[in-house]
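So the chains spell out like this:
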Amino acid sequence: MAGRHIVILGPPGSGKGTQAVRIAHELGLEHLSTGDVLRRAVANKTPLGEKAGGFMKQGLLVPDEVMLGIIQEELDRLGDAGWILDGFPRTLAQAEALDGQLEERAVKIDTVLLIEVDPDEIVARLTARRICPSCNMVYNLATISTREPGMCDKCGEKLVSRPDDDEETIRRRLDVYDEQTKPVIDFYRQRGGLVAVKGAGGIDEITAEIFRLMK
Ligand code: AMP
């Protein structure tokens, strides 16, 4: 099934990044996380990072025109490869612009996946989330234990909290999701082909459910 084009949507903390990595691996797709692209830019203090860092720290969206530049560049870089987009589009304007960019490339989105999780569960999950600053692997103190406490299993780096994973910022990100990203869900739902999965339960069960529904 290589060459597929998938968009994964869901609130912050729904596990969409974790599932996107698994889907990409299983289907031989490139995983494009705009959050990872931005965090790398911030870490490397690039002009993009300087522009985006303040918005990210506050839990706000980076402006559409910045995001559209990134997505165009990334789609060019990926060329003919199949991909899963994780964290994009997050506004209606981004969804419409993505349509235009895909039309130019004669590419169609095959599946839009939505992972649904309750807001209270999200706050609990994100305050326990830790990431590896080196390889971006995501852990959760409550559910995923590491071999060495507090260290990444893959590269041995010390795990950190994301600067936007404190409770106040999480709540702001959830408000932003309701106001700006929910219209994107309706946009794809009306078009047909949206596949919704409940994001509660174990990671393996959710992955299995995703593959069952995508068949
Ligand atoms: P994520 O890792 O997907 O939770 O993204 C982290 C942060 O990066 C978000 O809270 C936004 O500040 C920013 N970001 C990532 N993707 C987008 C996007 N498509 N549009 C606007 N901001 C974004």
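Preceding this section is the structure that the text describes.
Basis of the calculations
Each residue is numbered by its place in its chain's sequence as written, counting from 1. The predicted nature of this model means local features are confined to residues of pLDDT at least 70 and side-chain atom pairs, given and counted, to a pLDDT of 80 or more, with totals for whole chains, interfaces and linings taken over all residues. For side-chain calculations, the full set of non-hydrogen atoms in the structure is used, while hydrogens and water are omitted. Only DSSP runs of H or I with at least four residues qualify as helices, and only runs of E with at least two residues qualify as strands; both kinds are numbered from the N terminus onward. How far a helix is expected to stretch is found by multiplying one less than its residue total by 1.5 Å. For the exposure calls, accessible area comes from a 1.4 Å probe over protein chains only, and a residue counts as buried if that area is under 20% of its type's maximum, exposed if over 50%, partly exposed in between. Regarding the arc, it is the one traced by the directions from the helix axis to the C-beta atoms. Should any heavy atoms of two residues lie within 4.5 Å, those residues are considered in contact. Note on terminology: a nonpolar core comprises buried Ala, Val, Leu, Ile, Met, Phe, Trp, Tyr and Cys residues joined through side-chain atoms within 4.5 Å. Nearness of a residue to a molecule or strand requires only that one of the residue's heavy atoms be within 4 Å of it. Polar contact criterion, stated in full: a pair of N or O atoms within 3.5 Å, where within protein one must be able to donate a hydrogen and the other to accept it, and residues adjacent in sequence count only if both atoms are side-chain atoms. Only the protein chains shown count as covering a residue, and every accessible area follows the Shrake-Rupley method with a 1.4 Å probe. Following the grouping adopted for this structure description, the nonpolar residues are Ala, Val, Leu, Ile, Met, Phe, Trp, Tyr, Cys and Pro, the charged ones are Asp, Glu, Lys and Arg, and the polar ones are all others, Gly among them. The pairing criterion is simple: DSSP has to find at least two bridges between the two strands. Between N-to-C directions, angles span 0 to 180 degrees; the directions come from axes that are lines fitted to C-alpha atoms, helices contributing only their stretch in contact. In these notes the angle categories are as follows: under 35 degrees is roughly parallel, over 145 is roughly antiparallel, 65 to 115 is roughly perpendicular, and the rest is oblique. Left-handed is the label given to a crossing in which the near helix is rotated counterclockwise from the far helix by less than a right angle, and right-handed is the label when the rotation is clockwise.

Let us look at helix α1 (residues 16-27). Between its terminal C-alpha atoms α1 stretches 16 Å, which fits the 16 Å expected from twelve residues at 1.5 Å a residue. Where α1 is concerned, the buried positions are Lys16, Gln19, Ala20, Ile23, Ala24 and Leu27. Down the axis of α1, the buried set is contained in an arc of 135°. They therefore lie on one face. Residues of α1 that are exposed and point over 90 degrees away from its buried face: His25 and Glu26. Contacts from the buried residues of α1 go to β1 (5-9), β2 (30-33), β3 (83-86), β4 (111-116) and α8 (203-214). One or two steps after α1, the chain reaches glycine 28, where phi turns positive at roughly 70°.

This paragraph deals with the nonpolar core. Counting residues in each nonpolar core, the largest one holds 29 residues, and the members touching the most others are Leu9, Leu85, Leu98 and Tyr188. Taken together, the elements giving at least two residues each to this core come down to β1, α2 (34-43), α3 (47-58), α4 (64-78), β3, α5 (92-104), β4 and α7 (167-191). Not counting residues within four places of it along the chain, the set of residues in contact with leucine 9 comprises Lys16, Pro89, Val112, Leu113, Leu114, Ile115, Val184, Ile185 and Tyr188. Counting 22 residues, the second largest nonpolar core, distinct from the first, contains Ile6, Ile8, Leu27 and Leu29.

This part is about the site of the ligand. Among the 15 residues in the neighbourhood of the ligand, the closest are listed as Thr34, Arg39, Leu60, Gly87 and Gln94. Arginine 39 has a polar side-chain atom sitting 2.9 Å from an oxygen atom of the ligand. In isolation the ligand offers 480 Å² of accessible surface; the protein chains occlude 96% of this area. If you tally residues by element for the shell around the ligand, the top one is α2, at four residues. Each residue belonging to the shell around the ligand can be placed in one class, and the counts come to seven nonpolar, four polar and four charged.

This next bit is on the sheet that holds strand β7 (residues 194-198). Taken together, five strands build an open sheet; the order of strands is β2-β3-β1-β4-β7 and the sheet is parallel. Edge positions in the open sheet fall to β2 and β7, since each of these has one partner strand only. Pairs of neighbouring strands in the sheet enclose a mean axial angle of 20°, with direction left out of account. Of the pairings in the sheet, the one linking β1 to β3 comprises four bridges and is parallel in character. Bridged to histidine 5 within β3 is tryptophan 83. Relative to β7, α8 is tilted by about 155°, and along the sheet it contacts β1, β4 and β7.

Let's shift gears to the packing of helix α6 (residues 119-127) against α7. For the pair α6 and α7, the least separation of the axes is 10 Å and the interaxial angle reads 140°. Taken together, α6 and α7 sit at an angle that is classed as oblique. Handedness of the crossing formed by α6 with α7: right-handed. Together, Pro119, Ile122, Val123, Leu126 and Thr127 of α6 and Glu167, Ile170, Arg171, Arg173 and Leu174 of α7 make up the contact between the two elements.

A word on the environment of leucine 27. Structurally, leucine 27 is set in helix α1. Given a relative accessible area of 9%, leucine 27 falls into the buried group. Sequence separation between leucine 27 and leucine 114 is 87 residues; the distance between their C-alpha atoms is 18 Å.

The peptide bond linking phenylalanine 88 to proline 89 adopts the cis configuration, its omega dihedral lying at 0°. Among the secondary structure elements, proline 89 is positioned in the loop between β3 and α5. You will see that lysine 45, though not glycine, has its phi angle at about 50°, which is positive. Along the chain, lysine 45 turns up in the loop between α2 and α3. In this structure lysine 45 comes out as exposed when scored by relative accessible area, which is 64%. If you check the backbone angles, asparagine 136 has positive phi at about 70° while not being a glycine. For asparagine 136, the position within the fold is in the loop between β5 (129-131) and β6 (138-140). You can call asparagine 136 partly exposed: its relative accessible area is 23%.

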